[in-house]
Amino acid sequence: FTYCNQGSDLDLLAVDEKRCFAVAFQLKWLKPPEDVRDRENQDRELRRGIDQAALALKWLRSTPADLAGRSGLSEETLRTLDYSALVLSKNTLGTGSLPTGIAVINEPLVQYTLGPPHRKSLRSLYRVAGERRYLPQPGVHFVWKDLTASFGGIQFVGEGFGADLIRHWDPLIDLDLSDLE
């Protein structure tokens, strides 16, 4: 597609007609990182995916005339949809330095949210991703602790730089799906 003289693609459009909701997915199948340089390259590729997803979202919201023909959905249905976008990554969620606005998710999060036993809606997946409801919680899964190190006779204290495990995160019970359909 082309939007505002910028060309891109839309990898996947998932539609929940019953709830009038659609998610544009930009797919990033990245290999697992082996070192810091790989993490930097992955974040660069994920940023590119976020930019592509943002452009696809603008294009979708402009109700392009050719979308009905491409998707097989009626123009009437397409006009009723509330569009959102996500980046779906195979092996990574990226680092904490990614921009906010369009979330990056991975395959297990999709499976945990949409599949058994939870079977939540596409809109719920979007909220879980955007609100980061999948993250382990301090006080439940871990506690912050200080780390100390000595160098040249000087002791350094990193306040809250470490963590002690309380219990492992379990997607069957720890994925925050409260108040979601």
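The structure displayed is predicted, hence computed values, not measured ones. (Residues numbered from 1 in each chain as written. Predicted model: local features only at pLDDT ≥ 70, side-chain atom pairs only at ≥ 80, totals over all residues. Heavy atoms only, no water.)

Glancing now at the overall build of the protein. Regarding its fold elements, the protein presents six helices and eight strands. Counted from the first residue to the last, the protein has its helices and strands arranged as β-β-β-β-α-α-α-β-β-α-α-β-β-α. When each of the 181 residues of the protein is scored for burial, the buried share is 38%. Of all intrachain contacts in the protein linking residues separated by at least 6 positions in sequence, the fraction that spans at least 24 positions is 57%. Accessible surface computed for the protein: about 10900 Å², of which carbon and sulfur atoms make up 51%. Side chains of the protein give 22 positive and 25 negative charges; the mean places of these two sets differ by 2 Å. (Helix = DSSP H or I, 4+ residues; strand = E, 2+ residues; numbered from the N terminus. Buried < 20%, exposed > 50% of the residue type's maximum accessible area, 1.4 Å probe, protein only. Contact = heavy atoms within 4.5 Å. Areas by Shrake-Rupley, 256 points an atom, 1.4 Å probe, with all protein chains shown as cover. Lys, Arg positive; Asp, Glu negative; His and termini not counted. Charge placed at Lys NZ, Arg CZ, Asp CG, Glu CD.)

Spacing of three or four residues puts side chains on the same side of an α-helix, whose turn is 3.6 residues. Of the positions making up helix α5 (residues 122–130), those classed as buried are Leu122, Ser124, Leu125, Val128 and Ala129. For α5, the buried positions fall inside an angular range of 155 degrees around the axis, keeping them on one side. Close packing links the buried residues of α5 with β3 (12–16), β4 (21–28), β5 (82–89), β6 (104–106) and α4 (107–114). Two residues or fewer after α5 comes arginine 132, characterised by a positive phi angle close to 55 degrees. (Arc of directions from axis to C-beta.)

Okay, the environment of leucine 109 next. Here leucine 109 is to be found in helix α4. Leucine 109 sits 25 residues away from tyrosine 134 along the chain, and the two C-alpha atoms are 7.7 Å apart. Setting aside its immediate chain neighbours within four residues, leucine 109 contacts Leu125, Val128, Tyr134 and Leu175.

Once that is clear, we can look at the nonpolar core. Leu78, Tyr83 and Val87 are the most contacted members of the largest nonpolar core, which totals 23 residues. Elements supplying a minimum of two residues to this core: β4, α1 (36–61), α2 (67–71) and β5. Those residues in contact with tyrosine 83, other than ones at most four positions away along the chain, are Leu13, Ala22, Leu57, Leu60, Arg61, Leu67 and Leu78. (Core = buried A, V, L, I, M, F, W, Y, C linked by side-chain atoms within 4.5 Å.)

A separate point is the pairing of strand β7 (residues 142–151). When β7 meets strand β8 (residues 154–165), the two strands line up antiparallel, connected through nine bridges. Counterpart to alanine 149 in the pairing with β8 is phenylalanine 156. Counting the residues that bridge the hairpin from β7 to β8 gives two residues, and of these glycine 152 lies at a positive phi of roughly 60 degrees. (Pairing = 2+ DSSP bridges.)

Shape descriptors only; they carry no functional weight alone.
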